[in-house]
Amino acid sequence: MSIRNVLAAAVLTSVLFSWASAQTVTPAPQAASPAPDAQAATPPPPAFPEAPARSGKDILESSCTGCHDLGVLTATPHAAEEWPGVLKRMVGNGLNITPTDLTTVQAYLVEHYSAEPGAH
């Protein structure tokens, strides 16, 4: 390599280094923080959105048919006051149901599938 090439490379390196050093990096502007009052007033979002309420009919069809068909509702009629005991027995037999769904299905059974007392 000739002295001329070495000097040219040195000058070029010096110019590039000076140019790179002169460049300044400007940080991106940051959004202003909301006032503390605004942060306190906004509740955090729920971890999971609540599921919509299910109808008594939907619960009956999805929960009860795991063990028997729905014909049992008319084959063995129950008075309105008997449904809580029937459902308690089903839970004891393994029915997996939330307390909310249990209350909903009980109201549905009382309204749509209750026999007159002493009819069975």
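Remember, predicted model here, so these are calculated numbers, not experimental data. (Residues numbered from 1 in each chain as written. Predicted model: local features only at pLDDT ≥ 70, side-chain atom pairs only at ≥ 80, totals over all residues. Heavy atoms only, no water.)

Here's the deal with the pattern of salt bridges
Phase 1 of the analysis: The final tally for this structure, using the stated rule, is two salt bridges.
Phase 2 of the analysis: The closest approach of N and O atoms between aspartate 101 and arginine 54, which form a salt bridge, is 3.1 Å. Here aspartate 101, found in helix α6 (residues 99-112), pairs with arginine 54, found in the loop between α2 (36-41) and α3 (56-63); they are 47 residues apart in sequence, far enough to count as distant.
Phase 3 of the analysis: Looking at arginine 54, the relative accessible area reads 35%, which means it is partly exposed.
Phase 4 of the analysis: Residues lysine 57 and glutamate 61 are paired through a salt bridge, measuring 3.1 Å at the closest nitrogen-oxygen approach. Remark: glutamate 61 and lysine 57 occur in helix α3; sequence separation between them is four residues, near one turn of the helix. (Salt bridge = Lys/Arg side-chain N within 4 Å of Asp/Glu carboxyl O. Helix = DSSP H or I, 4+ residues; strand = E, 2+ residues; numbered from the N terminus. Buried < 20%, exposed > 50% of the residue type's maximum accessible area, 1.4 Å probe, protein only.)

Thoughts on the packing of α3 against α6
Phase 1 of the analysis: Viewed as axis vectors pointing N to C, α3 and α6 meet at an angle of 105°, and their least axial separation amounts to 8 Å. Taken together, the axes of α3 and α6 lie roughly perpendicular to each other. Taking contact as the criterion, the partners of Gly56, Lys57, Ile59 and Leu60 in α3 are, on α6, Asp101, Thr104, Val105, Tyr108 and Leu109.
Phase 2 of the analysis: By residue class, the composition of the contact of α3 with α6 is five nonpolar, two polar and two charged. (Axes fitted to C-alpha atoms, helices over the stretch in contact; angles between N-to-C directions. Parallel < 35°, antiparallel > 145°, perpendicular 65-115°, else oblique. Contact = heavy atoms within 4.5 Å. Nonpolar A, V, L, I, M, F, W, Y, C, P; charged D, E, K, R; others polar.)

A look at the nonpolar core
Phase 1 of the analysis: Ile59, Leu60, Cys64, Leu73, Trp83, Val86, Leu87, Leu95, Ile97, Val105, Tyr108 and Leu109 form the largest nonpolar core, which has twelve residues in total.
Phase 2 of the analysis: Within the residue set of this core, elements represented by two or more residues are α3, α5 (83-92) and α6. (Core = buried A, V, L, I, M, F, W, Y, C linked by side-chain atoms within 4.5 Å.)

A look at α3
Phase 1 of the analysis: If you check which residues of α3 are buried, you get Gly56, Ile59, Leu60 and Ser63. One side of α3 holds all its buried residues, which, seen down the axis, span an arc of 100°.
Phase 2 of the analysis: Packing partners of the buried residues in α3 comprise α4 (72-75) and α6. (Arc of directions from axis to C-beta.)

Some points on the confidence of the model for the chain
Phase 1 of the analysis: With 60% of its residues at a pLDDT of at least 70, the chain reaches an overall mean of 77.
Phase 2 of the analysis: For the chain, the element scoring lowest by mean pLDDT is helix α1 (residues 3-22), at 54; α5 scores highest, at 95. (pLDDT = per-residue confidence, 0-100.)

Here we look at the packing of aromatic side chains
Phase 1 of the analysis: Inspection of the entire model under this criterion finds one aromatic pair.
Phase 2 of the analysis: Residues tyrosine 108 and tyrosine 113 carry aromatic rings whose centres are separated by 6.1 Å and whose planes lie at 55° to one another, so their mutual orientation is tilted.
Phase 3 of the analysis: Tyrosine 108 gets classed as buried once you look at its relative accessible area, which sits at 17%. (Phe/Tyr/Trp six-rings, centres within 6.5 Å; stacked < 30°, edge-to-face > 60°.)

Observations regarding the state of the cysteines
Phase 1 of the analysis: Tallying each qualifying case throughout the model produces zero disulfides.
Phase 2 of the analysis: Between cysteine 67, a cysteine without a disulfide, and cysteine 64, which holds the nearest cysteine sulfur, the sulfur-to-sulfur distance is 8.5 Å. (Disulfide = S-S within 2.5 Å.)

Let's talk about the packing of α5 against α6
Phase 1 of the analysis: Running from amino to carboxyl end, α5 crosses α6 at an angle of 135°, the nearest separation of the two axes being 10 Å. As judged from the angle between their axes, α5 and α6 are oblique. The crossing of α5 and α6 is right-handed. Across from Trp83, Pro84, Leu87 and Val91 in α5, the residues of α6 making contact are Leu102, Val105, Gln106, Leu109 and Val110.
Phase 2 of the analysis: Among the residues forming the contact of α5 with α6, the class breakdown is eight nonpolar, one polar and no charged. (Left-handed = near helix turned anticlockwise from the far one by under 90°.)

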